[in-house]
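# Architecture at a glance
Next come the chains, spelled out residue by residue.
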2 protein chains.
Amino acid sequence: MFSRAGEIALKIMIYLATDQQKGRWIGLREIVQEIDSPEAFTAKVLQRLTRQGLIRSLRGPSGGFQLPNRRAVTLHEIIIAIDGEGIFTKCVLGLAECSESCPCPVHDKFKAVRDHLAGVLISTTIEEVKEGLLLGHYYLKV
Amino acid sequence: MFSRAGEIALKIMIYLATDQQKGRWIGLREIVQEIDSPEAFTAKVLQRLTRQGLIRSLRGPSGGFQLPNRRAVTLHEIIIAIDGEGIFTKCVLGLAECSESCPCPVHDKFKAVRDHLAGVLISTTIEEVKEGLLLGHYYLKV
DNA sequence: ATAATTAAAGACAAATTAATCCGAAATTAA
DNA sequence: TTAATTTCGGATTAATTTGTCTTTAATTAT
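The rules behind the values
- Counting restarts for each chain, with residues numbered from 1 along the sequence as it is written.
- Think of it this way: whatever chain is written first is A, whatever ligand is written first is 1, and the rest follow in order.
- Since the coordinates come from a predicted model, pLDDT governs what is reported: local features require at least 70, and pairs of side-chain atoms require 80 or more to be given and counted, while whole-chain, interface and lining totals use all residues.
- The side-chain numbers reported here are obtained from all heavy atoms of the structure, hydrogens and water having been left aside.
- Note on definitions: a residue-residue contact is assigned when non-hydrogen atoms from the two residues lie within 4.5 Å.
- Salt bridges are defined as contacts in which a side-chain nitrogen from Lys or Arg sits within 4 Å of a carboxyl oxygen from Asp or Glu.
- In the analysis that follows, any N or O atom pair within 3.5 Å is treated as a polar contact, provided that within protein one partner can donate a hydrogen and the other can accept it, and provided that, for residues neighboring in sequence, both atoms belong to side chains.
- Helix and strand labels come from DSSP, where a helix needs a run of H or I of at least four residues and a strand needs a run of E of at least two; each type is numbered from the N terminus.
- Basically, the charged four are Asp, Glu, Lys and Arg, the nonpolar ten are Ala, Val, Leu, Ile, Met, Phe, Trp, Tyr, Cys and Pro, and anything else, Gly included, counts as polar.
- For every residue, the predictor assigns a confidence score, pLDDT, that lies between 0 and 100.
- Being near a molecule or strand, for a residue, comes down to having at least one heavy atom within 4 Å of it.
- Working definition: with a 1.4 Å probe on protein chains only, accessible area under 20% of the residue-type maximum means buried, over 50% means exposed, and in between means partly exposed.
- Here the copies are superposed with least squares, the fitted atoms being C-alpha atoms of residues at a pLDDT of at least 70 in both.

One frequently used descriptor of interface size is the decrease in accessible area upon assembly of the parts. In this complex, chain B contributes 40 residues to the contact, which on the side of chain A involves 39 residues. Linking chain B with chain A are two salt bridges, by the criterion used here. Between Glu128 of chain B and Lys109 of chain A there is a salt bridge whose closest N-O contact spans 2.8 Å. Our enumeration of links across chain B and chain A arrives at nine residue pairs in polar contact (both at pLDDT 80 or more). Of all the elements in the fold, those that place two or more residues in the side of chain B that touches chain A are helix 1 (4-18), helix 6 (107-123) and helix 7 (126-134) of chain B. In terms of residues, the side of chain B that touches chain A owes the most to one element, helix 6 of chain B, which gives nine residues. A class-by-class count of the residues in the side of chain B that touches chain A yields 27 nonpolar, five polar and eight charged.

Shown next, in the form of structure tokens:
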């Protein structure tokens, strides 16, 4: 469904949201520990999230990453930032041109599924997901 | 959403279903012409569909491929045969263990989307899709 | 039988994605 | 100031997917 980088981006953002102490910088080491992902690859994903402005970073001792605690962040924003909008727009059959006016044979059938997917991603914030995690109902690693 | 091979498999199956003359063998050349896909790669996808029993093949002059005209074929069968069941079962966040009893933070949110996707694929047959194509409402290539 | 045609099969090449490595830059603390 | 720490950035490697090529086997028609 999502790329490996996209999966890890979601886990990173959710984990950063669980941190209680506002303003604390969370290091790469701690992050990969808590989401159980390859360190070097995760560092690259963190870099991309930082460049996209979804998180902030600070170098040096006691540096790390944190959420710029402003408005709510949706899963949709994260996926768009890392995987692009292809999953929502690219033709399911791979046709270069596929639209309402020139639809592929399964265009209409899949429109509903994609709208559903987009709806879930847009309506779900990491803050909301965090709650379930803190309640112990869900897990970020095995 | 699907792999390139999966996309091409769907197009192949839909095209084969549009053929009116029952029993006719349709060659690779004609298929790639009609679905606008790379010839050698499409040949490989045809091979896999044949091995999986979703289509039949015949070598030699006037050979080619055809649907074994038996029961209806669903899009679900085709995707399972080529891409496997990963899209329906693998954790959205990539967790090795993720289930009802040990769910990732977005497990429940995405269950509905996946059930929706599976429902569409299971309930849609290539025969049904073919109808819309023959009516000229849809297109298999640009 | 022979030649032509077509799919089968496996080896190979290219492109993309996943993942690692390492030196440089920034920051902190001694 | 110096040393330690941590992210940044680019280069590199590995794995997977996509796509091609070439030979063989089956089938048909001459």
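On to the environment of Ile78 of chain B, then. Residue and element names in this part refer to chain B. Mapped onto the elements, Ile78 comes out in helix 4 (residues 75-83). As for Ile78 and Glu7, which are separated by 71 residues in sequence, their C-alpha atoms are 9.7 Å apart. Setting aside chain neighbours within four positions, we find Ile78 in contact with Ala9, Leu10, Met13, Leu54, Val73 and Ile126.

The next subject is the confidence of the model for chain A. For chain A, the average pLDDT comes to 96, and 100% of its residues sit at 70 or higher. In the predicted complex, the global pTM is 0.95; the interface-specific ipTM is 0.93.

Here we take up the protein's contact with DNA strand C. Close contacts around DNA strand C come from 25 residues, with Arg4 and Pro61 of chain A together with Leu28, Lys44 and Ser57 of chain B the closest. Backbone atoms, meaning sugar and phosphate, form 64% of the atoms of DNA strand C found within 4 Å of the protein. Between DNA strand C and the protein, one listed contact pairs a phosphate oxygen with a side-chain N or O atom of Ser57 of chain B at 2.6 Å. Here a sugar or linking oxygen of DNA strand C and a side-chain polar atom of Arg59 of chain B are 3.3 Å apart. At the level of secondary structure, the elements contributing two or more residues to the surface near DNA strand C comprise helix 3 (39-51) of chain A together with helix 2 (28-35), helix 3 (39-51), strand 1 (56-58) and strand 2 (64-66) of chain B. In terms of residues, the surface near DNA strand C owes the most to one element, helix 3 of chain B, which gives four residues. Residues belonging to the surface near DNA strand C are distributed by class as follows: nine nonpolar, nine polar and seven charged.

A separate point is the protein's contact with DNA strand D. Of all residues adjacent to DNA strand D, which total 25 residues, the nearest are Leu28, Lys44 and Ser57 of chain A together with Arg4 and Pro61 of chain B. The sugar-phosphate portion of DNA strand D accounts for 66% of its atoms within 4 Å of the protein, the bases making up the rest. Take Arg51 of chain A: an N or O atom from its side chain is 3.4 Å from a phosphate oxygen of DNA strand D. One of the side-chain N or O atoms of Arg59 of chain A is found 3.3 Å from a sugar or linking oxygen in DNA strand D. Among the secondary structure elements, those contributing two or more residues to the surface near DNA strand D are helix 2 (28-35), helix 3, strand 1 (56-58) and strand 2 (64-66) of chain A together with helix 3 of chain B. With four residues, the single largest contributor to the surface near DNA strand D is helix 3 of chain A. Grouping the amino acids of the surface near DNA strand D by side-chain chemistry returns nine nonpolar, nine polar and seven charged.

Residue and element names in this part refer to chain B. Within the secondary structure, Glu127 sits in helix 7. Overall, the relative accessible area of 27% leaves Glu127 in the partly exposed class. Distance in space between the C-alpha atoms of Glu127 and Leu16 is 9.8 Å, their sequence separation being 111 residues.

What follows is about the environment of Ile8 of chain B. Residue and element names in this part refer to chain B. Within the secondary structure, Ile8 is located in helix 1. Residue Ile8 is classed as buried on the basis of its relative accessible area of 0%. Spatially, the C-alpha atoms of Ile8 and Leu46 are 9.2 Å apart, while their sequence positions differ by 38 residues. Those residues within four positions of Ile8 in sequence are excluded, and the remaining contacts are Ile35, Ser37, Phe41, Thr42 and Val45.

Mapping chain B onto chain A calls for a screw motion: a turn of 180 degrees about the axis and a shift of 0.0 Å along it, with 0.0 Å RMSD after fitting. Such a combination of turn and shift is consistent with a two-fold rotation axis. Proximity to the rotation axis, assessed at the C-alpha, singles out Met1 of chain B in chain B; its C-alpha lies 2.8 Å from the axis. Interface residue correspondence from chain B to chain A reaches 98%, placing this contact among same-surface, isologous pairings.

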